[in-house]
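A closer look at the structure
The residues making up each chain are set out below.
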Amino acid sequence: MLDDKVCVVTGASSGIGRATAFGLAELGSTVLLVVRDKHKGDSVAEAIRSRTKKDSARVFVADLSLQKDVRRVAAEIAAHCPRIDVLVNNAGGIFDKKILTADGIEMTIALNHLGYFLLTNLLLEKLKCAPAARIVNMSSDAHMFARTGAIELDDGRPYNAMERYATSKLLNVLFTYELGRRLEGTNVAVNAMHPGAVRSNFGKQLS
């Protein structure tokens, strides 16, 4: 059971993130839902409260592809709770064309990797305040299809959605290994996971 635990789940308005948030709440934790769409987030939070019969969900709104949003929401979460027991980095996407964020970064890398990296590092001190904390980075076996060697974030070749996605998932794995090495001997464990084939809306925009 996770009574009195505080869990942050990104991309919590649908799919794996939504299911994860429900599961953690049903085990007794308070779940902080990080979503892009406030209306959808509020709907999930209300459904969680209805199911658990407790005030067990809070909504935080941010576009995690934008670094200013990541920094803002991290500050809001840090101000809300003295510690974090679990951080699930789940928000992500795959895009059928090349999109640059307001920061000038290709969207797949910005959302799927840099969002994980920045949010985790900004919340790390709150995770260290927990007796035993865990970070879970949602990766994918698609990382095995990434071009290895020197990873090029933008090598000038024509945009390929699957290549960009695979690279972002490889970066998740590499980030997890390195963070785990740096956190050896602390109270914070870090894992990357492949969720398997999941029936959700993920990738629905691809032709």
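Residues numbered from 1 in each chain as written. Predicted model: local features only at pLDDT ≥ 70, side-chain atom pairs only at ≥ 80, totals over all residues. Heavy atoms only, no water.

A few points about the overall build of the protein chain
Within the protein chain, the secondary structure is distributed over five helices and six strands. Across the protein chain, helices and strands are ordered from the amino to the carboxyl terminus as β-α-β-α-β-α-β-α-β-α-β. The buried share among the 207 residues of the protein chain stands at 44%. If you take every contact in the protein chain between residues at least 6 apart in sequence, the share linking residues at least 24 apart comes to 72%. Summing over all exposed atoms, the protein chain offers an accessible surface of approximately 10,700 Å²; the carbon and sulfur share of this is 52%. (Helix = DSSP H or I, 4+ residues; strand = E, 2+ residues; numbered from the N terminus. Buried < 20%, exposed > 50% of the residue type's maximum accessible area, 1.4 Å probe, protein only. Contact = heavy atoms within 4.5 Å. Areas by Shrake-Rupley, 256 points an atom, 1.4 Å probe, with all protein chains shown as cover.)

Comments concerning the sheet that holds strand β2 (residues 30-35)
Hydrogen bonds between backbone atoms are what pair the strands of a sheet, whose relative direction is either parallel or antiparallel. Strand order across the open sheet formed by six strands is β3-β2-β1-β4-β5-β6, with parallel pairing between neighbours. A single partner strand is all that each edge strand has here, and the edge strands are β3 (57-61) and β6 (188-193). The sheet shows a mean angle of 15° between the axes of neighbouring strands, taken without regard to direction. Alignment of strand β5 (residues 133-138) against β6, held across six bridges, turns out to be parallel. Within β6, the residue paired with methionine 138 across the bridge is methionine 193. (Pairing = 2+ DSSP bridges. Axes fitted to C-alpha atoms, helices over the stretch in contact; angles between N-to-C directions.)

Considerations on helix α3 (residues 67-80)
Every α-helix winds through 3.6 residues per turn, so residues three or four apart in the chain are directed the same way. If you check α3, its first and last C-alpha atoms are 20 Å apart, about what 14 residues at 1.5 Å a residue would give, namely 20 Å. Of the surrounding secondary structure, the elements contacted by the buried residues of α3 are β1 (6-10), β2, β3 and α4 (107-128). (Expected span 1.5 Å × (residues − 1).)

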